[in-house]
Amino acid sequence: YNIFGILLLGIQAGSVSGPCHAFFQENIVPEIRYRFVSVSFATGMALIGGITPGLLTFLIEKYDIIYIPCYWIGGLAIITWIVCQIMYKIWDGEAV
């Protein structure tokens with residue numbers, strides 16, 4: 001089961017990282033592109049990547065539910081989808 005989980009994680013990471021660069025090049029003007037990408041990436045990695053291991057370990061030990069990481073990933077996916085929908089409406093389908 002560990003190999004299967006690692007494989008799924010690799011597929012997920014590749015499916016996000018690959019199209020992400022093309023999206024930024026198409027939708028963000030060059031004058032702010034690098035600043036936008038570096039700040040948003042560093043902030044996201046620090047907030048989500050920094051607190052996730054400790055938080056999930058604490059919650060699993062407290063509630064004894066091994067599926068808490070699934071809820072965490074699902075919740076982050078829903079939040080990301082909502083933010084994307086809001087930003088699409090703000091941008092009205094045009095580049096920033």
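Everything here concerns the structure above.
This structure is a prediction, so every number in the text was calculated from the model and none was measured.

Draft legend 1. Just the overall build of the protein, in detail. Within the protein, the regular secondary structure consists of 3 helices and 0 strands. Along the protein, helices (α) and strands (β) appear in the sequence α-α-α when read from the amino end. Here the protein has a C-alpha radius of gyration of 16 Å; the compact-globule value for 96 residues is 12 Å, and the former is much larger. Along the first, second and third principal axes, the C-alpha set of the protein runs to 45 × 25 × 20 Å. Relative to its full complement of 96 residues, the protein shows a buried share of 7%. Across the protein, the mean location of the 4 positive side-chain charges is 5 Å away from that of the 6 negative side-chain charges.

Draft legend 2. Local environment of the packing of helix α2 (residues 30-63) against helix α3 (residues 68-91). It is at 9 Å that the axes of α2 and α3 come closest, and there the two elements cross at 140 degrees. Here α3 runs oblique to α2, going by the angle between their axes. Viewed along their axes, α2 and α3 form a crossing whose handedness is right-handed. Between α2 and α3, the residues in contact are Ile-48, Ile-51, Thr-52, Leu-55, Leu-56, Leu-59, Ile-60 and Tyr-63 and Ile-68, Pro-69, Trp-72 and Leu-76, respectively. Residues of the contact of α2 with α3, tallied by class, amount to 11 nonpolar, 1 polar and no charged.

Draft legend 3. Looking closely at the packing of aromatic side chains. One pass over the structure, following the stated rule, counts 2 aromatic pairs. Judged by centre distance (5.8 Å) and plane angle (85 degrees), the rings of Phe-24 and Phe-36 are edge-to-face. One end of the pair, Phe-24, is in helix α1 (residues 2-27); the other, Phe-36, is in helix α2, and 12 residues separate them in sequence. Residue classification places Phe-36 among the partly exposed residues on the basis of a relative accessible area of 37%. Of the aromatic side chains, those joined through ring pairs into one cluster are Phe-23, Phe-24 and Phe-36.

Draft legend 4. Structural detail: the side chain of Arg-33. Note on placement: Arg-33 falls in helix α2. As a buried residue without a salt bridge, Arg-33 has its nearest oppositely charged side chain in Glu-31, at a separation of 7.5 Å. Separated by 3.1 Å, the side chain of Arg-33 and the backbone oxygen of Ile-28 make a polar contact. Dropping the residues within four chain positions of it, Arg-33 is found in contact with Phe-24, Gln-25 and Ile-28.

Calculation rules
- Residues numbered from 1 in each chain as written.
- Predicted model: local features only at pLDDT ≥ 70, side-chain atom pairs only at ≥ 80, totals over all residues.
- Heavy atoms only, no water.
- Helix = DSSP H or I, 4+ residues; strand = E, 2+ residues; numbered from the N terminus.
- Rg over C-alpha atoms; globule rule 2.2 N^0.38 Å.
- Buried < 20%, exposed > 50% of the residue type's maximum accessible area, 1.4 Å probe, protein only.
- Lys, Arg positive; Asp, Glu negative; His and termini not counted.
- Charge placed at Lys NZ, Arg CZ, Asp CG, Glu CD.
- Axes fitted to C-alpha atoms, helices over the stretch in contact; angles between N-to-C directions.
- Parallel < 35°, antiparallel > 145°, perpendicular 65-115°, else oblique.
- Left-handed = near helix turned anticlockwise from the far one by under 90°.
- Contact = heavy atoms within 4.5 Å.
- Nonpolar A, V, L, I, M, F, W, Y, C, P; charged D, E, K, R; others polar.
- Phe/Tyr/Trp six-rings, centres within 6.5 Å; stacked < 30°, edge-to-face > 60°.
- Salt bridge = Lys/Arg side-chain N within 4 Å of Asp/Glu carboxyl O.
- Polar contact = N/O pair within 3.5 Å; in protein donor to acceptor, adjacent residues only side chain to side chain.

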